[in-house]
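Structural overview
Listed here are the chains, written in short residue letters.
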Amino acid sequence: MDRSWINTPRISDTYENGVEEFIHFAEHNAVSYKNGVRIRCPCVNFLNGRILSVSEIREHLLCDGFLKSYTTWMWHSELLDLPSVHGGSEEVHFSMDNRIEDMIRDM
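Residues numbered from 1 in each chain as written. Predicted model: local features only at pLDDT ≥ 70, side-chain atom pairs only at ≥ 80, totals over all residues. Heavy atoms only, no water.

Some thoughts on unusual backbone geometry
As a reminder of what qualifies: A run of DSSP states H or I qualifies as a helix once it reaches four residues; a run of E qualifies as a strand once it reaches two. Both are numbered from the N-terminal end.
Residue Leu 47 is not a glycine yet carries a positive backbone phi of 50 degrees. On the secondary structure map, Leu 47 appears in the loop between strand 2 (36–40) and strand 3 (51–53). One non-glycine residue, Asn 48, lies in positive phi territory at about 70 degrees. Along the chain, Asn 48 falls in the loop between strand 2 and strand 3.

See below:
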């Protein structure tokens, strides 16, 4: 998903469309409460530290701006893209028998 909209001017259609895309993504992955969906606000003021309603978040993102470094939406259930370690499936076998005996002798 393209996140370049985060760096565009807040008055642009590109930015507004990106905010709506983010809100749709966040709502889809959010937990619903009695008073509606509430999610963490990634605006430049709250930095994902406050949980607000969708309408409040939309207002914050349009008026204040989206946290520019927040490109992997981990607080909104996006999985981190961690590098995988590929290698052989080598098993390591060793025996503790001798070490236990050595420890008992040392005592």
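Quick look at the layout of surface pockets
Think of a ball as big as a water molecule: rolled over the atoms, this probe shows where empty space is left. This is how it is decided: Buriedness for pockets is judged along seven lines, at least five of which must meet protein on both sides within 12 Å for an open set on the 1 Å grid over protein atoms alone, while cavities are sets there where a 1.4 Å probe fits but cannot get out, and lining residues have an atom within 4 Å of a point. Grid points are joined across faces, edges and corners, and a volume is the space filled by probe spheres set on the points. Side-chain classes follow a simple rule in which Ala, Val, Leu, Ile, Met, Phe, Trp, Tyr, Cys and Pro form the nonpolar group, Asp, Glu, Lys and Arg form the charged group, and the remainder, Gly included, forms the polar group.
By volume, the largest pocket amounts to about 170 Å³. Looking at the largest pocket, the residues that line it are Ala 26, Asn 29, Ala 30, Val 31, Tyr 33, Arg 38, Ile 39, Arg 40, Ile 51, Trp 75, His 76 and Ser 77. The element best represented in the lining of the largest pocket is strand 2, accounting for three residues. Across the lining of the largest pocket, the residue classes break down as seven nonpolar, three polar and two charged.

With respect to the confidence of the model for the protein chain
For clarity, the threshold we go by: By definition, pLDDT measures how confident the predictor is in each residue, and it falls between 0 and 100.
Here the protein chain averages 81 in pLDDT, while 73% of its residues score no lower than 70. When the elements of the protein chain are averaged for pLDDT, helix 3 (residues 97–106) gives the smallest value, 64, and helix 2 (residues 54–63) the largest, 96.

Things to note about helix 2
Heads up, the rule is: Per-residue accessibility, obtained with a 1.4 Å probe over protein chains only, is compared with the maximum for each type, and a residue is labelled buried under 20%, exposed over 50%, and partly exposed between these values. It is the directions from the helix axis to the C-beta atoms that the arc portrays. When checking whether two residues touch, look at their non-hydrogen atoms; a contact exists if any pair is within 4.5 Å.
Along helix 2, the positions that sit buried rather than exposed are Val 54, Ile 57, His 60 and Leu 61. Angular distribution of buried residues about the axis of helix 2 spans 125 degrees; they occupy a single face of the element. For helix 2, the exposed residues lying more than 90 degrees away from the buried face are Ser 55 and Glu 59. Its buried side turned inward, helix 2 meets helix 1 (13–28), strand 2 and strand 3. One or two steps after helix 2, the chain reaches Gly 65, where phi turns positive at roughly 115 degrees.

Concerning the packing of helix 1 against helix 2
Inclusion rule: Each axis is a line fitted through C-alpha atoms, taken for helices only over the stretch in contact, and angles between the N-to-C directions span 0 to 180 degrees. To sort the angles, those under 35 degrees are grouped as roughly parallel, those over 145 as roughly antiparallel, those from 65 to 115 as roughly perpendicular, and the leftovers as oblique. Crossings are sorted by hand: turned counterclockwise from the far helix by less than a right angle, the near helix makes the crossing left-handed, and turned clockwise it makes it right-handed.
Orientation of helix 1 relative to helix 2, taken along the N-to-C sense of each, is 150 degrees, at an axis distance of 10 Å. Our classification of the angle between helix 1 and helix 2 gives roughly antiparallel. Seen from above, helix 1 lies across helix 2 with right-handed handedness. Between helix 1 and helix 2, the residues in contact are Tyr 15, Glu 16, Val 19, Glu 20, Phe 22, Ile 23 and Glu 27 and Val 54, Ile 57, Arg 58, Leu 61 and Leu 62, respectively. Counted by class, the contact of helix 1 with helix 2 contains eight nonpolar, no polar and four charged residues.

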